[in-house]
Amino acid sequence: MEFRVIDRKSLDVPAWEALTRIASFFHTHQWVDTCVDGLSPGSHAEFLCSFEDGKLIAGMPAVITKQLFFKSFYSMPYGTYGEVVLADGANGNTRDEFYVHLVRYLKNGKFSRISITDYDRNLSELVEPFLRHKDVFTHIIHLDSENGHSPPDKKINGHIRSGRRADTEICRVRNRDQLNEFYKLYEMTEKRHGMIRNLYTKHFFASVLKHLGDSEMMNWTCLNSDGQMIGSRINFIYNNSMFNWQTVWNYEYRHLKPNHVLLSDSIRMAVEKGIRTINLGSSPPDAHSLIDYKERWGGVKIEYDSYLSDSWFRKLFGRLSG
């Protein structure tokens, strides 16, 4: 096996697309480009690749960021999935050998932070003291392409009917003005959830719109009332799965049920496209109302792994900076 670290310009795109066609949306070069652009300046992409007889047999995408003294490795940023992907026919030996090279690369990289989100739990057999493991979870709705999907909770169905009766309109987000309206809703939502600082910048969402706005891989919709955006939802579509990445809404318009209307519309579209699953995204373990909400839609809890390593200097700087 030959292990190589490849930059974006040198990536064999057709080979990467062939490798990741059965992986998650977050393994695609489109998402990598979105993240690099959204996190720039100070970020670039690296593709960790293993070859056998010149053929790509395993790969892991990564975004490397550098700010002040801190160089960080993310596969992928913001907790999106980035575990190793194996080519058809590759076995456990291929995976294990890839991990030997990966660990060597991480140890030699002088990273102040290493973050890997492993949805397939491929890393679970790898025990490395410098990687701190945490169980995380999402909720998955399994769709029936013939009969559609009806949430098992009667109250949810009632809220959907109520929202559909309202004088609102679902539109696709396509331009900068809509992005500005969306970001205001995003800031409202973050404050409502008790966030001191926004996780995403407007620049990052502008990168999402720039790279994916015209793509079939993204469905970014909003709900308008009297010409005003009151809710919005960003879904990514890949490999027969839809991933609910962002949901924002104006609490003052909760009586119009923007969340219910937009999620119901996403499910309708997913069924029409023959999509098999909807990933509702991760939830904090103490967010009981959010977890209950997802389960009342028919979401089934699925656990996966997160790995994090912070250098002693980064930990010290974090304490000093409060």
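Summarised in this report is the structure supplied together with it. Here the structure is a predicted model, which is why all the values come from computation and not from measurement. (Residues numbered from 1 in each chain as written. Predicted model: local features only at pLDDT ≥ 70, side-chain atom pairs only at ≥ 80, totals over all residues. Heavy atoms only, no water.)

### Things to note about the side chain of S241
- Here S241 lies in strand β11 (residues 241-249).
- A polar contact of 3.1 Å, which involves the side chain of S241, links it to the side chain of T277.
- Excluding anything up to four places from it in sequence, S241 contacts F236, I275 and T277. (Helix = DSSP H or I, 4+ residues; strand = E, 2+ residues; numbered from the N terminus. Polar contact = N/O pair within 3.5 Å; in protein donor to acceptor, adjacent residues only side chain to side chain. Contact = heavy atoms within 4.5 Å.)

### Quick word on helix α6 (residues 202-212)
- Of the residues making up α6, those classed as buried are F204, F205, A206, S207, V208, L209 and L212.
- Buried-residue contacts for α6 involve α2 (29-39), α5 (176-192), β9 (218-225), β10 (228-238) and β11. (Buried < 20%, exposed > 50% of the residue type's maximum accessible area, 1.4 Å probe, protein only.)

### Observations regarding the state of the cysteines
- Applying the stated criterion to the full structure yields zero disulfides.
- Of the cysteine sulfurs around C49, a residue in no disulfide, the closest is that of C35, at 17 Å.
- Using a relative accessible area of 1% as the deciding quantity, one classes C49 as buried. (Disulfide = S-S within 2.5 Å.)

### Section: the packing of α5 against α6
- Across the interface, α5 lies against α6 with an axial gap of 10 Å and an inter-helix angle of 135°. It follows from the interaxial angle that α5 and α6 lie oblique. Regarding α5 and α6, the two cross each other, and that crossing is right-handed. Contact residues: R176, L179, N180, F182, Y183 and Y186 in α5; K202, F205, A206 and L209 in α6.
- Class assignment of the residues belonging to the contact of α5 with α6 gives a composition of seven nonpolar, one polar and two charged. (Axes fitted to C-alpha atoms, helices over the stretch in contact; angles between N-to-C directions. Parallel < 35°, antiparallel > 145°, perpendicular 65-115°, else oblique. Left-handed = near helix turned anticlockwise from the far one by under 90°. Nonpolar A, V, L, I, M, F, W, Y, C, P; charged D, E, K, R; others polar.)

### Quick word on the nonpolar core
- Within the largest apolar cluster, 49 residues are counted, with the highest numbers of intra-cluster contacts made by W31, F182, F205, W220, F236 and W245.
- Per element, the largest residue contribution to this core is six residues, and it comes from α6.
- Not counting residues within four places of it along the chain, the set of residues in contact with W31 comprises F25, F26, M76, T80, F204, F236 and W245.
- By size, the runner-up hydrophobic cluster in this structure holds 19 residues, among which are A58, I64, V84 and Y99. (Core = buried A, V, L, I, M, F, W, Y, C linked by side-chain atoms within 4.5 Å.)

### Re the packing of aromatic side chains
- Taken as a whole and assessed by the stated rule, the structure comprises 37 aromatic pairs.
- On the basis of an interplanar angle of 70° and a centroid distance of 4.8 Å, the ring pair of F182 and F205 is categorised as edge-to-face. One end of the pair, F182, is in helix α5; the other, F205, is in helix α6, and 23 residues separate them in sequence.
- Between K301 and the ring centre of F137, over which it is positioned, the NZ or CZ distance is 4.4 Å.
- Note that R314 overlies the ring of F70, its terminal NZ or CZ placed 5.1 Å from the centroid. (Phe/Tyr/Trp six-rings, centres within 6.5 Å; stacked < 30°, edge-to-face > 60°. Lys NZ or Arg CZ within 6 Å of the ring centre and 35° of its normal.)

### What about the environment of W312?
- Examined against the element boundaries, W312 turns out to sit in helix α9 (residues 312-320).
- Along the sequence, W312 and F111 sit 201 residues apart, while their C-alpha atoms lie 11 Å from each other.

### Brief notes about the packing of α2 against α6
- Contact geometry of α2 with α6 gives a least axis separation of 8 Å together with a crossing angle of 145°. The hand of the α2/α6 crossing is right-handed. Here Q30, W31, D33, T34, C35, D37, G38 and L39 of α2 come into contact with α6, specifically with H203, F204, S207, V208, K210, H211 and L212.
- Its residues assigned to classes, the contact of α2 with α6 shows six nonpolar, six polar and three charged.

### Some words on the environment of V248
- Looking at where V248 falls in the secondary structure, it is placed in strand β11.
- Judged by its relative accessible area of 1%, V248 is buried.
- Filtering out sequence-adjacent residues up to four positions away, V248 remains in contact with F182, L185, Y186, T189, G231 and S232.

### Some remarks on the pattern of salt bridges
- Counted according to the given criterion, the structure contains 14 salt bridges.
- A salt bridge links E2 to R4, with the nearest nitrogen and oxygen atoms 3.3 Å apart.
- Judged by its relative accessible area of 40%, E2 is partly exposed.
- Here D37 and K210 are joined by a salt bridge, their closest N and O atoms 3.1 Å apart. Linking D37 in helix α2 with K210 in helix α6, this pair joins segments that are 173 residues apart in sequence.
- Within this structure, R121, D135 and D305 form a network of salt bridges that share partners. (Salt bridge = Lys/Arg side-chain N within 4 Å of Asp/Glu carboxyl O.)

### Quick look at unusual backbone geometry
- With an omega dihedral of 5°, the bond running from S40 to P41 counts as a cis peptide bond.
- Residue position: P41 is located in the loop between α2 and β2 (43-52).
- Cis geometry marks the peptide bond from S75 to M76; its omega dihedral reads 0°.
- Residue L68 is not a glycine yet carries a positive backbone phi of 55°.
- Within the element layout of this structure, L68 appears in the loop between β3 (55-67) and β4 (70-75).
- Using a relative accessible area of 69% as the deciding quantity, one classes L68 as exposed.
- Positive phi, normally seen in glycine, also occurs at Y78, with a value near 60°.
- Topologically, Y78 is positioned in the loop between β4 and β5 (85-86).

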